[in-house]
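The residues making up each chain are set out below.
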Amino acid sequence: MASYVSPDVRDKFETLSIDLKNTILERNVQLYSIHDLVAVLEQIVSEAEE
């Protein structure tokens, strides 16, 4: 399954660093809303804190 970034979220997604964007895309996530983007960012932060 490939990652998907909805046009509704793309502008916000594009403001992220290239490394962070790549990390998100490697997770094969479906980003349809800002809430989806925030959820995956929270997951990344949580994993980094462990």
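Everything below is about the structure shown above.
Residues numbered from 1 in each chain as written. Predicted model: local features only at pLDDT ≥ 70, side-chain atom pairs only at ≥ 80, totals over all residues. Heavy atoms only, no water.

Attention now goes to the packing of aromatic side chains. For the structure shown, the criterion picks out one aromatic pair. The interplanar angle of 40° and the centroid separation of 5.2 Å between the aromatic rings of Tyr-4 and Tyr-32 together place this pair among those described as tilted. Taken together, the residues Tyr-4 in strand 1 (residues 4-5) and Tyr-32 in the loop between strand 2 (30-31) and helix 3 (34-49) connect sequence positions 28 residues apart. (Phe/Tyr/Trp six-rings, centres within 6.5 Å; stacked < 30°, edge-to-face > 60°. Helix = DSSP H or I, 4+ residues; strand = E, 2+ residues; numbered from the N terminus.)

Take the packing of helix 2 (residues 18-25) against helix 3 next. Interhelical geometry of helix 2 versus helix 3 gives an angle of 100° and a closest axis separation of 11 Å. It follows that helix 2 is roughly perpendicular to helix 3 by the angle criterion. Side by side, helix 2 and helix 3 meet where Leu-20, Thr-23 and Ile-24 of the first sit next to Leu-37, Val-40, Leu-41 and Ile-44 of the second. For the contact of helix 2 with helix 3, a count of residues per class yields six nonpolar, one polar and no charged. (Axes fitted to C-alpha atoms, helices over the stretch in contact; angles between N-to-C directions. Parallel < 35°, antiparallel > 145°, perpendicular 65-115°, else oblique. Contact = heavy atoms within 4.5 Å. Nonpolar A, V, L, I, M, F, W, Y, C, P; charged D, E, K, R; others polar.)

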